[in-house]
Amino acid sequence: MGKLLKYYFKRDKWIILAMLALPLLASLTYFFLPKEVSLIIDSLTLGLSLTACAFIFLIRDYKRFYGEYSSFFGALPLKGKEIIGGRFIWFFFLGLWTCLILLTKGLLFFVQVLNPPELGLVYQDIYQILASLSPSAILFWVLAAFISLGASISLWLFVTSVGSEKFFRPLGIGGPFLVYVLIRILWTGVLFLLGKLLLDMGLVGMSLEGSQMAFSGMDKASLLWSGSSLFVTVLGSVALVLRSIYSHDVKLSTYL
């Protein structure tokens, strides 16, 4: 797994740096162009650069294990858990790196666009919002963000692995896409049944007050629903990862 991660960093280091460098270079336009024009250039550069880099990472990952380079990577002495584990850690790092870039750009935006009095008011408002959050609420939202990121990565690993097995192989890239659609339909059904179960048990209500999340915390119904959803998400993510490992160890190894 360690060698796989080193390979990723070696091959993709310039793309990682470009994700940060291009938006930062766009920020320089605030020094010699009107703010309105610079804002458009800055926003477009940030959105296009992150989207393009994400697309490149996904395409490269697919080609390495299921596309034109799959014969080479399939011959490496790596078990399924090492391949899936290495790819999971890699994409998790990219997710955190993207969040860091967005945070950096957000701070630069406020500094460059707002004057000092306005900037002070914004920082004061942010501080008040953060101060109003209870420790349990902060922990919940941080945990929810990590779980959401992990779930997205698990889904990618699953659809590319299962969607590239013998049954879906004739479809090419359409195989993973079809598996993705089927999983989204199944996942929507699971959440619907979970919500209906909690509703029938009287544990959650349909009123706005019973589903609203406050900055300072969450009411019992919201906490129960959100906690249940996160728990199901974790179980589903683990199941997707395990099935992806099985795919590499058994299903894909028989013909790649």
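Along each chain, residue indices are assigned from 1 in the same order as the chain's sequence is written. For this predicted model, a pLDDT threshold of at least 70 governs which residues receive local features, and a threshold of 80 or more governs which side-chain atom pairs are given and counted, while totals over whole chains, interfaces and linings are taken from all residues. Excluding hydrogens and water, the side-chain figures rest on all heavy atoms present in the structure.

1. So, the overall build of the protein
- Under the DSSP-based scheme used, a helix requires at least four consecutive residues in state H or I and a strand at least two consecutive residues in state E, with every element numbered from the N terminus. A tally of helices and strands in the protein yields 9 helices and 2 strands.
- Its helices and strands in sequence order give the protein the pattern α-α-α-α-α-α-α-α-β-β-α, from N to C terminus.
- Counting over 256 residues, the protein shows a buried share of 34%.
- To be clear on the numbers: accessible area is Shrake-Rupley with a 1.4 Å probe, and residue cover counts the displayed protein chains and nothing else. Carbon and sulfur atoms make up 76% of the accessible area of the protein, which amounts to about 15,500 Å² in all. Buried means the residue's accessible area, taken with a 1.4 Å probe over protein chains only, is under 20% of the maximum for its type, while exposed means over 50%, and partly exposed covers the values in between.

2. A word on a nonpolar patch on the surface
- Put simply, a patch holds well-exposed residues, over 30% relative accessible area, that have no salt bridge, with like charges counted together within 9 Å and Val, Leu, Ile, Met, Phe, Trp or Tyr side chains within 5 Å. We count a salt bridge whenever a side-chain nitrogen from Lys or Arg sits within 4 Å of a carboxyl oxygen from Asp or Glu. Residues Leu 100, Leu 103, Leu 107, Val 111, Tyr 123, Ile 126 and Leu 130 make up a contiguous nonpolar surface patch of about 630 Å² in total accessible area.
- Where the nonpolar patch is concerned, the elements lending two or more residues are helix H4 (80-113) and helix H5 (116-132).
- Ranked by residues supplied to the nonpolar patch, first place goes to H4 with 4 residues.
- Of note, Leu 107 is situated in helix H4.
- The exposure class assigned to Leu 107 is partly exposed, which follows from its relative accessible area of 45%.

3. Observations regarding the environment of Ser 148
- Examined against the element boundaries, Ser 148 turns out to sit in helix H6 (residues 135-162).
- Along the backbone, Ser 148 and Val 234 are 86 residues apart, and their C-alpha atoms lie at a distance of 8.9 Å.

4. Overview of the nonpolar core
- Nonpolar cores were defined as sets of buried Ala, Val, Leu, Ile, Met, Phe, Trp, Tyr and Cys residues, with membership established by side-chain atoms within 4.5 Å. Ranked by size, the top nonpolar core spans 25 residues in total, and within it Met 19, Phe 57, Phe 65 and Trp 90 carry the most contacts.
- Elements supplying a minimum of two residues to this core: helix H1 (2-27), helix H2 (35-66), H4, H6 and helix H9 (220-251).
- Contact partners of Trp 90, with chain neighbours within four places excluded, come to Leu 5, Tyr 8, Phe 9, Asp 12, Ile 16 and Phe 57. Any two residues whose heavy atoms approach within 4.5 Å are treated as being in contact.

5. Examining the packing of H2 against H6
- The N-to-C vectors of H2 and H6 enclose an angle of 40°; their axes lie 11 Å apart at closest approach. Relative to H6, the element H2 is oriented oblique. Here the hand of the crossing between H2 and H6 comes out right-handed. Facing Leu 58, Asp 61, Tyr 62 and Tyr 66 of H2, the residues of H6 in contact are Trp 156, Leu 157, Thr 160 and Ser 161.
- Residues are grouped as follows: nonpolar covers Ala, Val, Leu, Ile, Met, Phe, Trp, Tyr, Cys and Pro; charged covers Asp, Glu, Lys and Arg; every other residue, Gly included, is treated as polar. Looking at the contact of H2 with H6, its residues break down into 5 nonpolar, 2 polar and 1 charged. Angular values range over 0 to 180 degrees, each being the angle between N-to-C directions of two axes fitted as lines to C-alpha atoms, with helices fitted over their stretch in contact. Working rule for angles: under 35 degrees goes down as roughly parallel, over 145 as roughly antiparallel, 65 to 115 as roughly perpendicular, anything else as oblique. Here a crossing is taken to be left-handed if its near helix is turned anticlockwise relative to the far helix by less than a right angle, and right-handed if that turn runs clockwise.

6. Here's the deal with the environment of Thr 98
- Here Thr 98 lies in helix H4.
- Separated by 48 residues in the primary sequence, Thr 98 and Leu 50 place their C-alpha atoms 7.7 Å from one another.
- Residues within four places of Thr 98 in sequence aside, it is in contact with Met 19 and Leu 50.

7. Description of the packing of H1 against H2
- The interhelical angle for the contact between H1 and H2, taken along N-to-C directions, is 165°, at an axis separation of 8 Å. One element, H1, and the other, H2, form an angle in the roughly antiparallel class. The interaxial crossing formed by H1 with H2 has right-handed handedness.
- Here the residues of the contact of H1 with H2 are counted per class, giving 16 nonpolar, 3 polar and 6 charged.

8. Quick notes on the confidence of the model for the protein
- A residue's pLDDT is the predictor's confidence in that residue, given on a scale from 0 to 100. Per-residue pLDDT for the protein has a mean of 80; in total, 81% of the residues score no lower than 70.
- Mean pLDDT across the elements of the protein bottoms out in helix H8 (residues 208-211) (39) and peaks in H2 (89).
- Low pLDDT, under 50, characterises residues 204-218; the stretch is placed with 34 contacts to residues that sit more than four places away or in other chains.

9. Observations regarding the side chain of Ser 244
- Assignment of secondary structure puts Ser 244 in helix H9.
- Under the relative-accessibility criterion, Ser 244 is labelled buried at 0%.
- Those residues in contact with Ser 244, other than ones at most four positions away along the chain, are Ile 84, Leu 157, Phe 158 and Ser 161.

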